[in-house]
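# Examining the three-dimensional arrangement
The lines below spell out each chain.
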Amino acid sequence: MPELLATLAPLIIMILIFYFLLIRPQQKRQKEVREMQAALQKGDSVVTIGGMHGVVHAPYECTVIIHVGSHTKLTYDRASIREVVKAR
């Protein structure tokens with residue numbers, strides 16, 4: 001039994017290192033992005049994944065209408081919003 005534990009110890013340690021250095025921080029970032037996308041409100045200045053800047057005109061359950069020009073409004077999925085630049 002001690003030989004088995006000594007053999008598996010490096011594998012277990014590597015799994016723990018991967019979890020705490022790679023997997024857990026990525027899950028935290030994904031959770032923060034989901035919360036930000038769920039909290040979008042009319043008037044928030046946003047940047048999409050593609051790099052387009054605009055202002056949220058009308059948030060819906062799965063989509064967001066973004067005002068990007070003088071008379072231009074585009075519809076995007078909520079998941080395509082990368083960040084909120086500032087809230088108005």
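Above this text you will find the structure in question.
This section reports on the structure supplied with the text. (Residues numbered from 1 in each chain as written. Predicted model: local features only at pLDDT ≥ 70, side-chain atom pairs only at ≥ 80, totals over all residues. Heavy atoms only, no water.)

Quick look at the sheet that holds strand β3 (residues 63–67) now. Spatially, 5 strands are ordered β4-β3-β2-β1-β5 in an open sheet, and the strand pairing comes out antiparallel. Each edge of the open sheet is held by one strand with a lone partner, namely β4 (73–77) and β5 (81–86). Along the sheet, successive strands turn relative to each other by an average axial angle of 45°, direction set aside. (Pairing = 2+ DSSP bridges. Helix = DSSP H or I, 4+ residues; strand = E, 2+ residues; numbered from the N terminus. Axes fitted to C-alpha atoms, helices over the stretch in contact; angles between N-to-C directions.)

Let us now look at the packing of aromatic side chains. Here the distance between the centres and the angle between the planes together describe a pair of aromatic rings. A complete count under the given rule lists 1 aromatic pair for this structure. Centre to centre, the rings of Tyr 19 and Phe 20 are 5.1 Å apart; their planes meet at 80°, and the pair counts as edge-to-face. (Phe/Tyr/Trp six-rings, centres within 6.5 Å; stacked < 30°, edge-to-face > 60°.)

Now for the pairing of β4. Bridge count for β3 against β4 is 5 bridges, and the pairing is antiparallel. Paired with Ile 66 across the bridge in β4 is Leu 74. The antiparallel pairing of β3 with β4 creates a hairpin that spans 5 residues between the two strands.

So, on to the pairing of β3. Looking at chain direction, strand β2 (residues 53–59) and β3 are connected through 4 bridges and run antiparallel. Residue Val 55 lies in a different strand from β3, and its bridge partner there is His 67. Connecting β2 to the antiparallel partner β3 that follows it, the hairpin turn spans 3 residues.

By secondary structure assignment, the location of Asp 44 is in the loop between α1 (2–38) and β1 (45–48). Look at Asp 44 and you get buried, because its relative accessible area is 7%. (Buried < 20%, exposed > 50% of the residue type's maximum accessible area, 1.4 Å probe, protein only.)

Note that every value here comes from positions in space, so none of it alone points to a role or purpose.
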